[in-house]
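Structure assessment
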Amino acid sequence: MSEMIRVNNVCKRFGKRTVLKNVSFQVPSGVVFALLGENGAGKSTLIKSMLGYNKLDSGNIAVCGLDPVNQPLEIRRKVGYVSDAPGLYEWMTVAQAGWYASGFYPQGFLKTYGERISDFQLPHDAKIRDLSKGMRAKVALSLAMAFDPELLILDEPTSGLDPLVRRSFLESMIDRAAAGQTVFLSSHQIQEVERVADWVAILHQGSLQIVAPLEELKSSISILDFSQRDPLLAMPAELDQVEVLHKLQVGRSFHLMVRGLTPEIVSSLSQNANLFEVKSIRPNLEELYLGFTQPFEPRLSDDGLGQLSKNAKNSEVA
Amino acid sequence: MQLSIDPDNGIPIYEQLIRQIKYAVAEGILMPGQVIPSVRDMAKQLTVNPNTVQRAYFQLQSEEILQSLRGRGVAVCEGAKKQCVVDRQQILAERLSAVLDEAIRGGLDEDRLRTMFEKALKNAIRSGEKQS
Amino acid sequence: MEFSQITKPSLWGALVWKDFQQVKQTFAAVLIGLFFAQLVLMVAANGTVEEFTKQGFLQGTIICASIAPILLAIGCSGMLVGQERQSGTWAWSSSLPVAWQTALLSKLSISLLGTLVATIPLTIVPLALWYGGQFTPKVDSIATVYSFGLSFLVFLEVTVFCYLTTLLMRETLTALAAAGMGLLALHLILGLTDIGDLWRVEFSFVYALIINLVVGTIVMVATFAWRWRIGQQATFFSPRGSIAIGPPSKMAFLVFAQPAPSEWRVMLSHSFANSFWLRGCCLVGCVLVTLMTNDGSASLAGVIAILILGVSVFDGDQTLNRFRFLADRGITPWKLAVSRMIMVLPWVILVMLFGMIAPNLPNILKGSVQELVWGLLVVASTGTLAFLVGALASLCFRKSVVAITVAMVGSIVAVAATVLFFAAIESSMSYAVPQLTMKLSKLLVLGVPFSVLVLVVSILLLCRQWIVLESVKLARHFAWIVPVALLLPVTIASTFGFLTVPVVKWQGDKTDRSVYQDAYRQMRNADTKPASSAEAFVPIEMNPPWLDLSKPWLSSSIGNLRNLAYARNGTFEQIAQTSTGVVNEIQEELELAGADSSQLAMDVLKSRVPDIDEAISKSQSSQYFDPLLDNKIARVAAMATLALRGNEPELSLALWKSNREFQEMAAGATDTSLLRTYASRSVSMFLLNQLSDSEVEKLGGREVVASLIPSECDERAATISETRSTVSMQRLVVWGYTNQDGTTVNYPQWNIVNLYPPLRWFAERELALELDRVLQINSALYKNYITYIVRAPLVARFGEP
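Procedures and definitions
- Residues numbered from 1 in each chain as written.
- Chains lettered and ligands numbered in written order.
- Predicted model: local features only at pLDDT ≥ 70, side-chain atom pairs only at ≥ 80, totals over all residues.
- Helix = DSSP H or I, 4+ residues; strand = E, 2+ residues; numbered from the N terminus.
- Rg over C-alpha atoms; globule rule 2.2 N^0.38 Å.
- Buried ≥ 20, exposed ≤ 12 C-beta atoms within 10 Å, placed from the backbone.
- Contact = placed C-beta atoms within 7 Å.
- Pairing = 2+ DSSP bridges.
- Axes fitted to C-alpha atoms, helices over the stretch in contact; angles between N-to-C directions.
- Parallel < 35°, antiparallel > 145°, perpendicular 65-115°, else oblique.
- Left-handed = near helix turned anticlockwise from the far one by under 90°.
- Nonpolar A, V, L, I, M, F, W, Y, C, P; charged D, E, K, R; others polar.
- Right-handed = clockwise from strand over helix to strand, strands pointing away.
- pLDDT = per-residue confidence, 0-100.
- Expected span 1.5 Å × (residues − 1).

This part takes up the overall build of chain B. Across its full length, chain B holds five helices and three strands. Relative to the globule expectation of 14 Å for 132 residues, the C-alpha radius of gyration of chain B, 18 Å, shows a markedly less compact shape. When its C-alpha atoms are laid out on the principal axes, chain B stretches across 60 × 35 × 25 Å. The buried share of chain B, taken over its 132 residues, is 22%.

Attention shifts here to the overall build of chain C. What chain C contains, in helices and strands, is 36 helices and two strands. Residues counted as buried form 44% of the 801 residues belonging to chain C. Considering only intrachain contacts with a sequence separation of at least 6, the fraction spanning at least 24 residues in chain C is 82%.

The next point concerns the interface of chain A and chain C. Taken together, the 33 residues of chain A in the interface contact 28 residues of chain C. Of all the secondary-structure elements, those providing two or more residues to the side of chain A that touches chain C are helix H2 (72-78), helix H3 (94-102) and helix H4 (109-120) of chain A.

Moving on to the sheet that holds strand S7 (residues 182-186) of chain A. Hydrogen bonding along the main chain pairs the strands of a sheet, whether they run parallel or antiparallel. Residues and elements named next belong to chain A. Overall, mixed pairing links the six strands, which are arranged S5-S6-S7-S3-S8-S9 in an open sheet. With one partner strand each, in any of the chains shown, strand S5 (79-82) and strand S9 (207-213) form the two edges of the open sheet. Across the sheet, the mean angle separating the axes of adjacent strands is 15 degrees when strand polarity is ignored. Here strand S3 (residues 32-37) pairs with S7 via four bridges, running parallel. Across the sheet, the residue bridging to Leu35 is Ser186, located in S7. Most of the contacts of helix H10 (residues 285-293) go to strand S8 (residues 199-204), to which it runs at about 35 degrees, and overall it touches S3, S8 and S9.

Another aspect to go through is the pairing of S7(A). Residue and element names in this part refer to chain A. Taking burial as the measure, the five residues of S7 include five buried ones, the bulk of the element. On S7, burial covers both faces: Thr182, Phe184 and Ser186 on one face and Val183 and Leu185 on the other are all buried. Pairing between strand S6 (residues 151-155) and S7: five bridges, direction parallel. Directly across from Ile153, in S7, lies its bridge partner Phe184.

What follows covers the sheet that holds strand S13 (residues 275-281) of chain A. Residue and element names in this part refer to chain A. Here we have four strands laid out as an open sheet, ordered S11-S12-S10-S13, and antiparallel in their pairing. In this open sheet, the two edge strands, each paired with only one partner strand, are strand S11 (243-250) and S13. Mean inter-strand twist for the sheet, computed between neighbouring axes without regard to direction, equals 15 degrees. For S11 and strand S12 (residues 253-259), the ladder comprises seven bridges, and the chain directions are antiparallel. Residue pairing in the sheet places Leu248 in a bridge with His255 of S12.

Residue and element names in this part refer to chain A. Among the eight residues of helix H1 (residues 43-50), eight are classified as buried, and the element is accordingly described as predominantly covered. Within H1, the full set of buried residues consists of Lys43, Ser44, Thr45, Leu46, Ile47, Lys48, Ser49 and Met50. Just downstream of H1, Gly52 is the residue with a positive phi angle, here 90 degrees.

With that settled, the discussion passes to the packing of helix H27 (residues 629-645) of chain C against helix H28 (residues 649-669) of chain C. Residue and element names in this part refer to chain C. At a minimum axis distance of 8 Å, the contact between H27 and H28 shows a crossing angle of 160 degrees. Considering their axes alone, H27 and H28 lie roughly antiparallel with respect to each other. The hand of the H27/H28 crossing is left-handed. Across the interface between the two elements, Leu629, Lys632, Ile633, Val636, Ala637, Met639, Ala640, Ala643 and Leu644 from H27 touch Pro649, Leu651, Ser652, Leu655, Trp656, Ser658, Asn659, Phe662, Gln663 and Ala666 from H28. Tallied by class, residues from the contact of H27 with H28 come to 14 nonpolar, four polar and one charged.

To continue, consider the environment of Glu664(C). Residue and element names in this part refer to chain C. Mapped onto the elements, Glu664 comes out in helix H28. Put simply, Glu664 and Glu712 are 48 residues apart on the chain and 9.7 Å apart in space, counted from C-alpha to C-alpha. If we skip the residues at most four places from it in the chain, Glu664 touches Pro710 and Ser711.

This next bit is on the interface of chain B and chain A. Listed by partner, the interface residues are 13 residues for chain B and 19 residues for chain A. When residues of the side of chain B that touches chain A are traced back to their parent elements, those giving at least two are helix H2 (39-46) and helix H3 (50-62) of chain B. Of the residues forming the side of chain B that touches chain A, the biggest block, four residues, is contributed by H2(B). Of the residues in the side of chain B that touches chain A, the class split is six nonpolar, four polar and three charged.

Turning our attention to the environment of Trp761(C). As for its placement among the helices and strands, Trp761(C) is situated in helix H35 (residues 757-780). Separated by 265 residues in sequence, Trp761(C) and Phe496(C) have C-alpha atoms that sit 9.7 Å apart.

Bringing unusual backbone geometry into the picture now. Residues and elements named next belong to chain A. Positive phi, close to 55 degrees, is recorded for Asn9, a residue that is not glycine. Take Asn9: it is sitting in strand S1 (residues 3-14). Given 14 C-beta atoms within 10 Å, Asn9 falls into the partly exposed group. One non-glycine residue with positive phi stands out, namely Cys64, at about 55 degrees. By the element assignment, Cys64 lies in the loop between strand S4 (58-63) and H2. Judged by local crowding, Cys64 falls into the buried class, with 21 C-beta atoms found within 10 Å.

Turning to the packing of H27(C) against helix H30 (residues 678-689) of chain C, a few remarks are in order. Residue and element names in this part refer to chain C. As a packed pair, H27 and H30 sit with axes 8 Å apart at the nearest point and diverge in direction by 15 degrees. In terms of their interaxial angle, H27 and H30 are classed as roughly parallel. As H27 runs across H30, the sense of the crossing is left-handed. Contacts between H27 and H30 involve Asp630, Asn631, Ile633, Ala634, Ala637 and Thr641 on the former and, on the latter, Ala679, Ser680, Arg681, Val683, Ser684 and Leu687. Across the contact of H27 with H30, the residue classes tally to six nonpolar, four polar and two charged.

For a regular strand, side chains alternate in direction, first toward one face of the sheet and then toward the other. By the criterion of burial, S6(A) is predominantly enclosed, with five of the five residues buried. Crossover handedness for the path S6(A) to helix H6 (residues 163-178) of chain A to S7(A): right-handed.

Take the environment of Thr52(B) next. All names here are of chain B. Inspection of the secondary structure puts Thr52 in helix H3. Taking the number of C-beta atoms within 10 Å as the measure of exposure, Thr52 has 27 and is therefore buried. Here the alpha-carbon distance between Thr52 and Lys122, two residues 70 residues apart in the chain, equals 39 Å.

On to the confidence of the model for chain C. All names here are of chain C. Chain-level pLDDT for chain C is 76 on average; 76% of the residues reach the 70-or-more range. A low-confidence stretch, residues 234-247 stays under pLDDT 50, and its non-local contacts, those more than four residues away or across chains, total 13 contacts. On the interface metric, ipTM, the complex scores 0.83, and its pTM is 0.71.

The α-helix advances 3.6 residues per turn, and as a result positions three or four apart in sequence lie on the same side. Its 18 residues give helix H7 (residues 172-189) of chain C an end-to-end C-alpha distance of 25 Å, which sits within 8% of 26 Å, the value for a rise of 1.5 Å per residue. Along H7(C), 14 of the 18 residues are buried, which leaves the element largely enclosed by surrounding structure.

Quick look at the structure:
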């Protein structure tokens, strides 16, 4: 099928607080799809809804074509899930954990599990409680991958882990992507996401800000920096031709994130007498993320005293 | 072969990969006929998305710098070196042009710039002679 | 290990294996603990002679078997549902492709089958005792067996409720306490009046049971399915949220308004908020049990509640690492431990008040101040020890369910050992020094402060280790600290108990063991059956030989002697009444024998004379005291009186002479016979004094009657002498004796007192004290009281014999 996950107009409330507001997107198969968002943005809730742990207030979700609420068992047979707190049985050994889990899946689980365990160089007879945090995460990942799922969902799997372990996880994800399987990843580690993600979605305060292939995002959105000589003059008219997604003003310097910037506009701006130091750069994911999630707010005023002036309404974009 | 990818520097990852492979061929680090890691292995090694690596390989194949050996992976084409040297020169020319643009824009006058350039050139030649 | 060579398990196999692994330790602990308790009870029962206590111990073995299912129900649900949820493995398990029905069935089947299998070994001891004939088929035993069968239904009920509460609540221990409380409340509401009285099983108990079971199962299954579906939803938006640390939220406003709180205030308020609901449940549950029962089980519930309160001291810290948070900020461990324990004390006191003192209030108010103080001491000691054992357990064991089980098992074992010890003492000492066990048990209170000290110090020392080291095996410390601490009272009481008895000079006879041996041997060989011709005399029952031991040589209690002494101060009126009674008795007997005319009666009496002579000579020749002698003397005097009334002065005189012979024989034989025959001798002399002047003339005049007066005897001296020898004999029991063939016998079976010197000193000092007391009493009595009351008037009237 063409899409692994389809999220359609999903709303979810806990008590009075709305956690997900009209979230819609589709995850194609065979890609690495990254979901970014701050703590409390609703990422975990969304993922749990995908697995059938939550009932939605409105909208629907289809995972591998199945409805998570009504067909949770089938989904669990097709989807490997690693949460941020794996919850493994402390008294089991690594081998026992695999043996236990293999009872729920078809043949071949144990063999694949054994391969994954040797890849990760985990001791067979060590009890889970004696393992470090990183090794536990590896065990959880091995368990999730051992039955060769079509879709692997990872909810912040590497939070708090050392770089070596994180690299192991990345390699595993890449492996699966290379083999044509789909990986759905929710993470904070923007640098890692940047390397491996095909698609990126940004969730902020329950609403989806953007969902697009990463390459497309990076090529269609640009960072535009310039400074004004005379702050009292109006903003240049060229800015009306582009979509300003985010603006940050520090004194007389502007840092804009815009869509639809062409080289002609850049050169035109460079020739504007009022502006100097005009630069256009290709954004990295962190800048994109900040741009989509930070509010429009001027920060420090340039009076040299370093005072916060939150209420300063400097000249806005015309 | 040491490749390093910096996702932060503004250049697309696939572009960085292309450039580095071309440099390696131009330098002679990658010999014609030498097999380079498959898409999967390269992706794992660099920890980047396989699609990205795939895209880079694809472009390199279309420029006839790499060729696909059925069943055995991807190898450097014969005669790729020449093209790579040319491409590298082009890249360097672009970089040089960008530096000069920045200098001019920064307010440096032509004479000052020329002096700097001569000096840097002399230093580079001298250190290059020391290496060889 | 080659993974490809291992066969994968089936779905059921994997689930059942996993669930079994989680509960096997609980099963083992409960099984071993209860089996050990059964063994201890069995041994204690064998050592006890007193039937009531013995039966109590034996029934205790059945009770151990019947509480096993209930304990296992609680333990299994705590581990299979509560622990899984609390540790987060529930979330992972539910993310595997397993349906909730399968998961639930697996857990339930492990609980049920496991409990059935585990209860079987626990029936071994009771069945062995039943077939061995030790159980008498009394009503109580049957009730106990019935309760054993009922316990399986209760097991189902408890399982369902515990599953339900552990599914709903976050913390396992609180959930289990809430389940218990809920069950009690429901039973109370649905009309149970008295759990303790199972023989008259109220229909409402079973009725309530069934309702609870049906409704509870439906609700529980629905809740399980819901919980399985939502995985482990963290307390995302619950009002209390997931507070890591800090004073209760009410105080948040005050934080900014006031200067920073002191260290102690922070710690104490924190400790107060910990496990608040759990502690509340304990208190409420205890009160409910008090309302429902009116026997000792309320106190037991109180002790259990205090144990749970003790386990709640460090419970939150173990699971959520709150303790470490404060310690990381430089607060010393002992201060934290103290603050944790202090805030639980109010709860403990409340439970003691409402759970242990309140149900016994009517009894307490009836008793004396001394009894009140003693009762309070007992309650306070038990409560404090239970609390500290629970606190130590919560420190040493990470999982609260394990802590509770271990604390209970440890307490049971310690109590059982103490009980066993006392049973052994009682069985060996009950005839020698009857109050010994009671006094020793009072002394237990002396040792309690030491136990408390040991426990408190070990808690303070261990908590430093616990907090500083990451994972430290404190369990093995628990295993030796608790037995030492709980057995300290017994040890101290038995070792130093003798110091509480004032030293009094031993005034008994320096009786040799050989004399005792002889007497005992003679006792066993002596023919105590009355002569066949003495049907007119009241027959005696043949007592078992070991009771005979108590007859002349050992009184069953020195107290009897004391009472005897006081009785001897009975007034003239009592003697008069007795006399009239005996005469009437003889008269009735004669009428029953068909002698309604006085002539016939006289004939009957005449025919009895040879028997009486025979009896006198028999008693004279026997080395041994005739228990009937007392009766015989009185009856002969009565016969003599009747003979005189029936106008047979010769017969009467003959009978009077026989009576005098009897009296002389009795008074001259031993101190014992002198003392035992006081009643009849006083009756005889009284009757003699009742002779009217004309009757005196019929008999032959004043000199004749004067010759019938028996010689003077010194009962006081006799009492003193007999007391001395009796107590000396009892002292011999403490040491044991040797048989003729040289083998030593400690009578009865084990003489633990003999084996442990301080206990022997205690017993000996007690004996000396008691002897001294009795001797003082006897010395204060009137000199020659019988002689004073009845003989003196005789002599005054008729002159000296």
